[in-house]
Structure formats: structure tokens, C-alpha cells
Amino acid sequence: MGLETKPLSTLHEKASYDPADFDVPTGREEEWRFTPLSRLKGLHDGSAVASGGGVAVSVEAAPEVVVETVGRDDQRVGKAYVPTDRISAQAYAVFEKATVVTVPREAVASTPTVLTFTGGGGVAYGHTVIKLEAMAEAVVVLDHRGSALYADNVEFVVGDGATLKVVSLQDWADDAVHVSHHHAQLGKDATFRSFVVTLGGDLVRLSPSVSYTAPGGDADLTGLYFVDAGQHLEHRLLVDHSQPNCRSNVVYKGALQGEQAHAVWIGDVIIRVEAEGTDTYELNRNLLLTDGARADSVPNLEILTGEVAGAGHASASGRLDDEHIFYLQARGIPFEEARRLVIRGFFGQLIEKIEVEELRERVMAKVEAELAG
């Protein structure tokens, strides 16, 4: 399939399955200027060749769900999403097997379906399709662990009236590099709830995007990240409103500590001419816990119609509130404990939204461990 051009947004100008349609990034491009290319270890220029000990995928599925491992020629693969950058196209061009999870029409999954991606230290490329047929409901967990140099694409196809809740946990080893694109395609009156938790890895660049194929789609994108010394954690979101009377809400929060801890959050929302009645909001907050940490936060809202129900964005990065700390210390709480309480409060409302109790506890324990460290 040839190159598709999308001139309305400069950050998402083209889409193609062929890596050759994208220039090799130099770091001067707007979409790559925050990413340390040398730490991608060849994922961006085609020199990272898939090797043994890549990434093993295991699935613990709800009884109502169908799980298949398919080849590149399966008609469901690549149907909802066309890659929009070179690494995404590279991953699409060279993956060998895809995991397809299907929730049949009107089925309500009784337990979460958990996909575990375990890195074995090598280079790997992957593809996953999560497909909910009309009126189906499911909770899906994507759990990433181990060590790898990994690029992949994930397609979420949410049918008419269906509800999909996803938790994606990036809990990689310290040396892992992960570049991933998550694309959700929403049908009529479909509901999509995404919760991204990024804690591990040397470099993680995750690009969640949403598109609508009919009116009534409703998307919530929530994210939490904790960046340690030397880590680069980057989240680049795109919500493309091209249908009337759809909704989106984005809330991402991060904490950073240590020398050269670097977080990047890019939030792009496009409301096209035909998307009257859109209601959208995006929020990013960063808590800088030490000197030497850096957060780049760039919300972009592009409105091409005057008929919107609501549209807005907010972004802020700052230090712990001294007044909050002082208030707690005045009541006899030691400084370190007061600090932990304030950070717990910063993340608390988000963590409560995680659908799976064991994951909620695991994430909270990880945050506590980061604070103790």
C-alpha cells in the first residue's frame, strides 16, 4: 500500500506500511527532537535485526475470548492502523507472527485477558490485534517485562457499542528499549478506556492514538510514569476527531527524580471540520522531585470547526508543594514520610482507576519502591 498524506497536522503528515517512505530520523525533526536516537540502538534506521532471545508472548485469556497466533497475511492485521513513523513501519514490515485476541459479538469477558511480553535480551518486532465485536465487553492487560530491544504495533478495534478497558504496563529491566504504537479505532457508541503505566526501561517511547469511524465514540486515555536517573520515558498521544458527537479525555501524570531523568509528553488533539459536537480535554502534570530532572510537556489542540461542545488542555511541571510538606511536618510527620504522602496523593486518584486489583497493588508497590529508592 502506498503513502497516505495527512496535511492537516504537521506532526502526523504521512502514513505508510513501508519504512522506505519515511526518512531516517536525524533528531532535527519535530517528532524526533526529544528522543535520544543513539539510545534506540538501530531501531530507527533499520540496522537492528531481529535475533534470538527476543520477546516471548504468553496469553492468559478469559473463557469467552478467542486467541490466535497468525501470519502476516491475516486480513485482520494492519486493517485499523497504518504506521505513521519509521520505527512503526519497520516493526510492521518485519514481524513474523501476530497475536490476535477476539471478543465475540455481545460476549462479556468474565475475567481480564492478560498478555505477557517477556524480553529475553535480544532484538524483536511484534504485532498485536485486540478486536471487540459489536456490544462486547472486555478488560485486557499488556504486561511488558524482562530485557529487549523491542518495537511493536498494537491495534485495538472496538466495535459498535462495545467497551474495551486496557492496562498497558511497561515494567522492563533497566537496559530495555521499547518503541510502541497503540492505535484504537472506535465504532459507533464504542467506549475505550486506556491506562498506561511506564516505570521500567532505559528508553521507552509509547505513542497511543485514537480514531473514530462513527458518532458516539468515547475515549479515556490515562497514564502514569515514574522516571529515574538516566531514564528517558516518552509518551506521544494523538486523538483524531473526524466524526460528530464523540468524546475524549486525556490525563497523564509523571514524577521524576535523579540526574538526567527525562520525561516527554506530547498531546495532539485534532478536531476536523466534520467533527461537530466534539467534547475533548487533555491534561499533563509533572512532579520534579530532584534537581537534574527534566520534563518536556507539549499539548497541541487543532480545531477546524466552530461547533464543539468543549475543547481544552492544561500542562504544568513543578516541584513538590512546600506548603503541603510543611502542613504535614507541623503535625509531627517526618519529612520523608510527608514527601511520600504528597506523592501518593498526586498519583492516588489515577491508580484507583486501574481495573485489575492485583495490578493496582503492583503499581502502588512499584511507586513506593521508587520513593524508597
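Residues numbered from 1 in each chain as written. Predicted model: local features only at pLDDT ≥ 70, side-chain atom pairs only at ≥ 80, totals over all residues. Heavy atoms only, no water.

An account of the UniProt feature "domain: SUF system FeS cluster assembly SufBD core" (unreviewed entry) in the protein chain is requested, with residue identities and associated values reported.
UniProt annotation of "domain: SUF system FeS cluster assembly SufBD core" (unreviewed entry) refers to residues 120-346 when read in the numbering used here. Structurally, residues 120-346 is divided into 9% helix and 63% strand, and its ends, taken at the C-alpha atoms, are 34 Å apart. (UniProt positions renumbered as here; feature names shortened; annotations may be inferred. Helix = DSSP H or I, 4+ residues; strand = E, 2+ residues; numbered from the N terminus.)

Please give an account of the nonpolar core that cites residues and values.
Of all hydrophobic cores here, the largest spans 55 residues; its most connected members are Phe156, Leu164, Leu186 and Phe192. Examining the composition of this core, we find that 8 residues originate from one element, strand β7 (residues 137-158), more than from any other. With residues near it in sequence (within four places) discarded, Leu164 still touches Ile130, Leu132, Ala138, Val140, Phe156, Val158, Thr191, Phe192 and Arg193. One finds Val167, Phe195, Leu224 and Val342 within the second-largest nonpolar core, a separate group that totals 31 residues. (Core = buried A, V, L, I, M, F, W, Y, C linked by side-chain atoms within 4.5 Å. Buried < 20%, exposed > 50% of the residue type's maximum accessible area, 1.4 Å probe, protein only. Contact = heavy atoms within 4.5 Å.)

Explain empty space enclosed by the protein residue by residue, including any values.
Scanning all chains against the criterion turns up 2 cavities of 30 Å³ or more. Here the largest cavity is characterised by a volume of approximately 50 Å³. If you go around the largest cavity, the residues you meet are Asp85, Ile87, Ser88, Ala91, Ala151, Asp152, Asn153, Val179, Ser180, His181 and Ser207. The class makeup of the residues in the lining of the largest cavity is 4 nonpolar, 5 polar and 2 charged. In this structure, the second largest cavity encloses a volume near 40 Å³. What lines the second largest cavity is Phe156, His182, His183, Ala184, Phe192, Ser194, Pro208, Ser209, Val210 and Leu221. Looking at the lining of the second largest cavity, the elements that each hand over two or more residues are β9 (177-186), β10 (191-198) and β11 (203-212). Per-class residue counts for the lining of the second largest cavity are 6 nonpolar, 4 polar and no charged. (1 Å grid on protein atoms, 1.4 Å probe; cavity = no way out; pocket = protein on both sides within 12 Å on 5 of 7 lines; lining within 4 Å. Points joined across faces, edges and corners; volume = space filled by probe spheres on them. Nonpolar A, V, L, I, M, F, W, Y, C, P; charged D, E, K, R; others polar.)

Go over unusual backbone geometry, please, and point to the residues and values.
A positive phi is found at Lys41, a non-glycine position, where the angle reads about 55°. When you line up the elements, Lys41 lands in the loop between β2 (14-15) and β3 (55-60). If you check the backbone angles, Met135 has positive phi at about 65° while not being a glycine. Residue classification places Met135 among the partly exposed positions, given a relative accessible area of 45%.

Explain the domain arrangement of the protein chain residue by residue, including any values.
Domain boundaries assigned for the protein chain yield domain 1 (3-319) and domain 2 (321-373). Here domain 1 and domain 2 have C-alpha centroids that lie 27 Å from each other. Opposite the 29 residues of domain 1 that make contact, domain 2 presents 18 residues. Each partner contributes to the roughly 2100 Å² buried at the junction of domain 1 and domain 2, and carbon and sulfur atoms together form 69% of this total. Together, Leu224, Phe226 and Lys253 form the three largest contributors to the area buried by domain 1 at its contact with domain 2, with a combined 24%. For the pair domain 1 and domain 2, the number of links is 4 salt bridges. Inspection of the region where domain 1 meets domain 2 yields 7 residue pairs in polar contact (both at pLDDT 80 or more). Elements that contribute at least two residues to the side of domain 1 that touches domain 2 include exactly β7, β8 (163-170), β10, β12 (218-227), β14 (247-256) and β16 (278-288). Tallying contributions element by element places β12 first for the side of domain 1 that touches domain 2, with 6 residues. Broken down by class, the residue content of the side of domain 1 that touches domain 2 amounts to 15 nonpolar, 5 polar and 9 charged. (Domains from an automatic or database assignment. Buried area = accessible area lost by both parts, 1.4 Å probe. Salt bridge = Lys/Arg side-chain N within 4 Å of Asp/Glu carboxyl O. Polar contact = N/O pair within 3.5 Å; in protein donor to acceptor, adjacent residues only side chain to side chain.)

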